[in-house]
Amino acid sequence: MRIIFLVSNLKAIGGIEKYCRGFVKEMQANEGTVVRLIELKKSTLVGKLVFVLQYFRVALFFRPNIVILAHINFSILGLVAKYLFGAVFAVLTYGIDVWSVESPIKRRALREAKLVTAIARYTKERICQQFPEIKENIFLLPNFVDEKEFLLGDKPNYLLKELNLNPSSKII
């Protein structure tokens, strides 16, 4: 399987970028899957132009089976994947970005995507309210947890004191 993954700068520290890093890691772990990562590194006009040109160059020669859009703002490129390159596309959604979709291009992309993911039930419900016809194509795919970053263990004393908790308190 050949996948193009369109994503914002993965070196950024935001929640979407962290989610996408986990997503890429899991895709690359699948044997027989080749992933071409195309990052929007700068949101300037030149940065966006470089991103789009890189996408076209890779898509023309790589011929993806699937194009995954890491954000609804990349919608037009998903439609290009479908109509110009014959690839299916998926859209990853996160929250407020899709709670009230007004852009005709974004609305069309959500309707024509083979798959739409949401990281929260509320977001999935909001998408379904706007687009009931795609209910079967929307899947809940919650945030990834990096087990190396989050370890089970005793609660630090300074934190128990600061938050006025006892050692048996449940903290999520």
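Report follows, based on the coordinates. (Residues numbered from 1 in each chain as written. Predicted model: local features only at pLDDT ≥ 70, side-chain atom pairs only at ≥ 80, totals over all residues. Heavy atoms only, no water.)

## Quick word on the pattern of salt bridges
Turning to step 1, where the next piece is worked out: This structure, assessed with the given rule, holds three salt bridges.
Turning to step 2, where the next piece is worked out: For Arg108, the salt bridge identified is with Glu112, shortest N-O distance 2.7 Å. In this pair, Arg108 and Glu112 both sit in helix α4 (residues 104-112), four residues apart, roughly one turn of the helix.
Turning to step 3, where the next piece is worked out: With a relative accessible area of 42%, Arg108 lands in the partly exposed category.
Turning to step 4, where the next piece is worked out: Residue Glu133 pairs with Arg111 through a salt bridge whose shortest N-O separation is 2.6 Å. With Glu133 in the loop between α5 (121-130) and β6 (138-140) and Arg111 in helix α4, the pair connects residues that are 22 residues apart, well separated along the chain. (Salt bridge = Lys/Arg side-chain N within 4 Å of Asp/Glu carboxyl O. Helix = DSSP H or I, 4+ residues; strand = E, 2+ residues; numbered from the N terminus. Buried < 20%, exposed > 50% of the residue type's maximum accessible area, 1.4 Å probe, protein only.)

## Quick notes on helix α2 (residues 45-62)
Turning to step 1, where the next piece is worked out: The first and last C-alpha atoms of α2 sit 25 Å apart over 18 residues, in line with the 26 Å expected at 1.5 Å per residue.
Turning to step 2, where the next piece is worked out: Considered for burial, the residues of α2 that qualify are Gly47, Phe51, Tyr55, Val58, Ala59 and Phe62. Buried residues of α2, seen end-on, are gathered within an arc of 100 degrees and therefore sit on one face of the element. Exposed and facing more than 90 degrees away from the buried side of α2 are Leu45, Val46, Leu49, Leu53 and Phe61.
Turning to step 3, where the next piece is worked out: Residues of α2 that are buried make contact with β1 (2-8), β2 (34-40), β3 (66-69) and α3 (75-85).
Turning to step 4, where the next piece is worked out: Once α2 finishes, Arg63 follows within two positions and takes phi at roughly 50 degrees, a positive value. (Expected span 1.5 Å × (residues − 1). Arc of directions from axis to C-beta. Contact = heavy atoms within 4.5 Å.)

## Section: the pairing of β3
Turning to step 1, where the next piece is worked out: In this structure, β1 lies alongside β3, joined through four bridges in parallel fashion. The partner of Leu6 across the bridge, within β3, is Leu69.
Turning to step 2, where the next piece is worked out: Crossover handedness for the path β3 to α3 to strand β4 (residues 88-93): right-handed. (Pairing = 2+ DSSP bridges. Right-handed = clockwise from strand over helix to strand, strands pointing away.)

Without other data, these values stay purely geometric and don't point to any function.
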